[in-house]
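# Structural features, examined
Below, each chain spelled out in residue letters.
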Amino acid sequence: MPNSANNSLPPLEWVRSFEAAGRLGNFTTAANDLGLTQASISQHIRALEDWLDITLFRRLPRGVELTADGEAYLPH
């Protein structure tokens, strides 16, 4: 889903997935928290990153870490 003038906000489901993953530091834990699969969370995050044209997370061997852009986008 491309970012366009007709679509000024990303889908809420993507933002919810991002918030849970950012808060919990792990896509699998975020998936369990939201009742989704890890693959769904990963797809939502990738779609949001593409939509925003920024990298929100560094993927680590055990979990994820917010980038500076990700920290700025995460509501506190």
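Structure report, in brief. Note that the structure is predicted; figures quoted are calculated from it, not measured.

### Focus on the overall build of the protein chain
The helix and strand tally for the protein chain stands at four helices and two strands. Secondary structure elements of the protein chain, listed N to C terminal, follow the sequence α-α-α-β-β-α. Here the C-alpha radius of gyration of the protein chain, 12 Å, is about what a compact globule of 76 residues would show, namely 11 Å. The C-alpha extent of the protein chain, read off along each of the three principal axes, is 35 × 25 × 20 Å. Buried residues in the protein chain amount to 32% of all 76 residues. Relative to all contacts within the protein chain whose residues are 6 or more apart in sequence, the contacts with residues 24 or more apart total 44%. In the structure as shown, the protein chain presents an accessible area of about 4900 Å², 50% of it carried by carbon and sulfur atoms. Across the protein chain, the 6 positively charged side chains and the 9 negatively charged ones have centroids separated by 6 Å.

### Observations regarding the packing of helix α1 (residues 12-24) against helix α3 (residues 38-52)
It is the contact of α1 with α3, at a shortest axis distance of 8 Å, that shows an interaxial angle of 110°. Classed by the angle they form, the pair α1 and α3 counts as roughly perpendicular. Contacts between α1 and α3 involve Glu-13, Trp-14, Ser-17, Phe-18 and Ala-21 from the first element and Ile-41, His-44, Ile-45, Ala-47, Leu-48 and Trp-51 from the second. Here the contact of α1 with α3 is built from residues that sort into eight nonpolar, two polar and one charged.

Conventions used here
Residues numbered from 1 in each chain as written. Predicted model: local features only at pLDDT ≥ 70, side-chain atom pairs only at ≥ 80, totals over all residues. Heavy atoms only, no water. Helix = DSSP H or I, 4+ residues; strand = E, 2+ residues; numbered from the N terminus. Rg over C-alpha atoms; globule rule 2.2 N^0.38 Å. Buried < 20%, exposed > 50% of the residue type's maximum accessible area, 1.4 Å probe, protein only. Contact = heavy atoms within 4.5 Å. Areas by Shrake-Rupley, 256 points an atom, 1.4 Å probe, with all protein chains shown as cover. Lys, Arg positive; Asp, Glu negative; His and termini not counted. Charge placed at Lys NZ, Arg CZ, Asp CG, Glu CD. Axes fitted to C-alpha atoms, helices over the stretch in contact; angles between N-to-C directions. Parallel < 35°, antiparallel > 145°, perpendicular 65-115°, else oblique. Nonpolar A, V, L, I, M, F, W, Y, C, P; charged D, E, K, R; others polar.

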